[in-house]
Amino acid sequence: QVQLVESGGDLVQPGGSLRLSCAASGSIYIIYDMGWYRQAPGKQRELVATITHGGITNVAASVKGRFTISRDNAKNTMYLQMNNLEPDDTSVYYCNARIKPLRVPTSDYWGQGTQVTVSS
């Protein structure tokens, strides 16, 4: 049984920084692409950043230059370093991963979300 668990969300002032983590656990053979998404109240879920197994990244224009996505394949963990946070970054942040578990077909998995609030 595969699980994704996010952590690191918090209340932070504008201009501050946070680091989110997403840890995958369970009987995992390999994790392919991973990504961070966010959803603000009343808005659709949007892509923030993705990273391939080999480390190729793609970052949304709205956060480029402020957010950095990375992963540690040995730890089955993905990170999102968020700098110079703005009030518009306030959202629930979700991690997503395409995972091939042992003896189970490849599927997309989602975490439960972690709240990031940017406010003075």
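Residues numbered from 1 in each chain as written. Predicted model: local features only at pLDDT ≥ 70, side-chain atom pairs only at ≥ 80, totals over all residues. Heavy atoms only, no water.

*Asks:* Kindly report on the sheet that holds strand 3 (residues 18-25), identifying the contributing residues and their values.
*Replies:* As summarised here, the arrangement of the four strands in space is 1-3-8-7, forming an open sheet in which the pairing is antiparallel. The sheet terminates laterally at strand 1 (3-7) and strand 7 (67-72), the two strands that pair on one side only. If you compare each strand with its neighbour and ignore which way they point, the axes differ by 15° on average. (Pairing = 2+ DSSP bridges. Helix = DSSP H or I, 4+ residues; strand = E, 2+ residues; numbered from the N terminus. Axes fitted to C-alpha atoms, helices over the stretch in contact; angles between N-to-C directions.)

*Asks:* Break down the environment of Tyr93 for me, citing the residues and quoting the values.
*Replies:* As for its position among the elements, Tyr93 is in strand 9 (residues 91-101). Residue Tyr93 is classed as buried on the basis of its relative accessible area, which comes to 0%. Sequence separation of Tyr93 and Gln81 is 12 residues, and the distance between their C-alpha atoms is 12 Å. Ignoring anything within four residues of it in the chain, the contact list for Tyr93 reads Glu6, Leu20, Trp36, Tyr37, Arg38, Val48, Phe67, Leu80, Met82, Gly113, Thr114 and Val116. (Buried < 20%, exposed > 50% of the residue type's maximum accessible area, 1.4 Å probe, protein only. Contact = heavy atoms within 4.5 Å.)

*Asks:* Tell me about the state of the cysteines, residues and numbers included.
*Replies:* For the structure shown, the criterion picks out one disulfide. Note on cysteine connectivity: Cys22 is disulfide-linked to Cys95, with sulfurs 2.1 Å apart. Between Cys22 and Cys95, the disulfide has an S-S torsion of 50° and is therefore right-handed. One end of the pair, Cys22, is in strand 3; the other, Cys95, is in strand 9, and 73 residues separate them in sequence. (Disulfide = S-S within 2.5 Å.)

*Asks:* Hey, could you go over the pairing of strand 11 (residues 114-118) for me, with residue numbers and the actual values?
*Replies:* Every second residue of strand 11 is oriented toward a common face, the buried set being Thr114, Val116 and Val118 and the non-buried set Gln115 and Thr117. Examined bridge by bridge, strand 2 (residues 11-12) and strand 11 share two bridges and lie parallel to one another. In the sheet register, Leu11 faces strand 11, and the bridge partner there is Thr117. Alignment of strand 9 against strand 11, held across three bridges, turns out to be antiparallel. The residue bridging Tyr93 from the neighbouring strand is Thr114, located in strand 11.

*Asks:* How would you sum up the environment of Met34? Please name residues and give values.
*Replies:* Here Met34 shows up in strand 4 (residues 28-39). The exposure class assigned to Met34 is buried, which follows from its relative accessible area of 2%. When sequence neighbours within four positions are dropped, the list of residues in contact with Met34 reads Ala49, Thr50, Ile51, Ile69, Arg71, Met78, Asn96 and Ala97.

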